[in-house]
Amino acid sequence: MASGISVDDECKKVFENFFNGKKDERYICFKVADDFKSVVVDHNVEEKKEKNPNSCAADPDEEDTCIKVDHLCEKVKDDKKPRWVLFDYEYSKPDGCKASKVVEIKYCPEGANIKDRMVFTSTEKALNTKIGFTGTTQ
């Protein structure tokens, strides 16, 4: 908590459900609350298997990933606030087995103001420690 901002307990609950095999979400977004007092769950999106008729993806996992990324971009495109996103990346191994990894994406748009950027950067460790995330960060 180098920034003095706490992490809401709901963040840990949502992460535990997401990470421990109860993945009903495509991804989870966390953000600093507007009052700069805590990190909160911005939104978490439930899994929906919808086919895109215009997709050129040969692999269903690849198409599902494209749907997740498109949905994520749509949610955050007009907001200038930084976010942490835990993304469930599903893929097929060369032997055909299905696998997935949870990847943390740090999203800090160019239009974010200096205070938001500084608080975002100095709060990341507190968030990861509170929720227990030790995975890959992009």
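Sequence order as written defines residue numbering, which begins from 1 separately in each chain. For a predicted model such as this one, the threshold for reporting local features is a pLDDT of at least 70, and the threshold for listing and counting side-chain atom pairs is 80 or more; totals across whole chains, interfaces and linings nevertheless cover every residue. For side-chain calculations, the full set of non-hydrogen atoms in the structure is used, while hydrogens and water are omitted.

Peer 1: So what exactly am I meant to see when it comes to the confidence of the model for the protein chain here?
Peer 2: Parts of the prediction with low pLDDT should not have their coordinates interpreted in detail. Residue-level confidence of the predictor is what pLDDT reports, using numbers from 0 through 100. For the protein chain, mean pLDDT is 78; residues scoring 70 or higher make up 70% of the total. For the protein chain, the element scoring lowest by mean pLDDT is strand β6 (residues 136–137), at 60; strand β1 (residues 6–7) scores highest, at 92. In this description, contact between two residues means that some pair of their heavy atoms is separated by no more than 4.5 Å. Here residues 51–58 is modelled with pLDDT under 50, and outside its nearest four sequence neighbours on either side it reaches 6 contacts, counting other chains as well. Secondary structure elements follow DSSP: runs of H or I no shorter than four residues count as helices, runs of E no shorter than two count as strands, and numbering proceeds from the N terminus.

Peer 1: Help me out: how do you make sense of the pairing of strand β5 (residues 98–107) in this one?
Peer 2: Side-chain direction in a regular strand flips from residue to residue, so the side chains alternate between the two faces of the sheet. Where strand β4 (residues 83–92) lies against β5, 10 bridges are found, and the strand directions are antiparallel. Within the sheet, the bridge partner assigned to Phe87 lies in β5 and is Val103. At least two DSSP bridges between two strands are required for those strands to pair.

Peer 1: Can you walk me through the packing of aromatic side chains in this structure?
Peer 2: Here the distance between the centres and the angle between the planes together describe a pair of aromatic rings. A pair of aromatic rings is counted whenever rings of Phe, Tyr or Trp (Trp by its six-membered ring) have centres within 6.5 Å, and the orientation is called stacked for planes under 30 degrees apart, edge-to-face for over 60 and tilted otherwise. In total, this model carries 2 aromatic pairs according to the counting rule given. Consider the rings of Phe15 and Phe133, whose centres lie 6.1 Å apart with planes at 90 degrees: the pair is edge-to-face. Here the residue Phe15 occupies a position in helix α1 (residues 9–19), and Phe133 occupies one in the loop between α3 (114–131) and β6, the gap between them amounting to 118 residues. Taken individually, Phe15 and Phe133 each receive the classification buried, so the pair is uniform in this respect. Residue burial is assigned from relative accessible area. The probe radius is 1.4 Å, only protein chains are included, and a residue is buried under 20% of its type maximum, exposed over 50%, and partly exposed in between.

Peer 1: What should I look at first to understand the pattern of salt bridges in this one?
Peer 2: Pairing is possible between side chains of opposite charge, provided their charged atoms come close. For salt bridges, the criterion is a side-chain nitrogen of Lys or Arg within 4 Å of an Asp or Glu carboxyl oxygen. Scanning all chains against the criterion turns up 6 salt bridges. Taking the shortest distance from any N to any O, the salt bridge between Asp9 and Lys130 comes out at 2.7 Å. With Asp9 in helix α1 and Lys130 in helix α3, this residue pair connects regions lying 121 residues apart in the sequence. Here Lys106 ties to Glu124 by a salt bridge, and the two come within 3.5 Å at their closest N and O atoms. One end of the pair, Lys106, is in strand β5; the other, Glu124, is in helix α3, with 18 residues separating them in the sequence. Note on Lys106: relative accessible area 38%, which makes it partly exposed. A residue is classified by how much of its surface remains accessible, and Glu124, at 16% relative accessible area, is buried. One salt-bridge network, held together by shared partners, links Lys31, Asp42 and Arg83.

Peer 1: For this particular structure, what's the right way to read the side chain of Ser38?
Peer 2: Here Ser38 lies in strand β3 (residues 38–46). In this view, Ser38 contacts Ile5, Ser6, Lys31, Val32 and Ala33; residues no more than four positions away in its chain are not counted.

Peer 1: Any chance you could explain empty space enclosed by the protein here in plain terms?
Peer 2: The rolling of a water-molecule-sized probe over the atoms marks out the regions of remaining empty space. Throughout, the protein atoms alone are placed on a 1 Å grid, and a set of points is a cavity if a 1.4 Å probe fits but cannot get out or a pocket if it is open with protein on both sides within 12 Å along at least five of seven lines; lining residues have an atom within 4 Å of a point. Grid points are joined across faces, edges and corners, and a volume is the space filled by probe spheres set on the points. Evaluation of the coordinates by the stated rule reveals 1 cavity of 30 Å³ or more. Of the pockets and cavities examined, the largest cavity occupies roughly 70 Å³. Lys31, Val32, Ala33, Asp34, Phe36, Lys81, Pro82, Asp116 and Phe120 together form the lining of the largest cavity. For the lining of the largest cavity, the secondary structure elements donating two or more residues are β2 (25–32) and α3. Charged residues are taken to be Asp, Glu, Lys and Arg, nonpolar residues to be Ala, Val, Leu, Ile, Met, Phe, Trp, Tyr, Cys and Pro, and polar residues to be all remaining types, Gly included. Among the residues forming the lining of the largest cavity, the class breakdown is 5 nonpolar, no polar and 4 charged.

Peer 1: Sorry if this is basic, but what is going on with the nonpolar core here?
Peer 2: Note that soluble globular proteins tend to have their nonpolar side chains buried in a common cluster. Buried Ala, Val, Leu, Ile, Met, Phe, Trp, Tyr and Cys residues that are joined via side-chain atoms within 4.5 Å together make up what is termed a nonpolar core. Grouped together as the largest cluster of nonpolar side chains are 19 residues, with contacts concentrated most on Phe30, Val39, Trp84, Leu86, Leu127 and Ile131. Looking at this core, the elements with two or more residues in it are α1, β2, β4 and α3.

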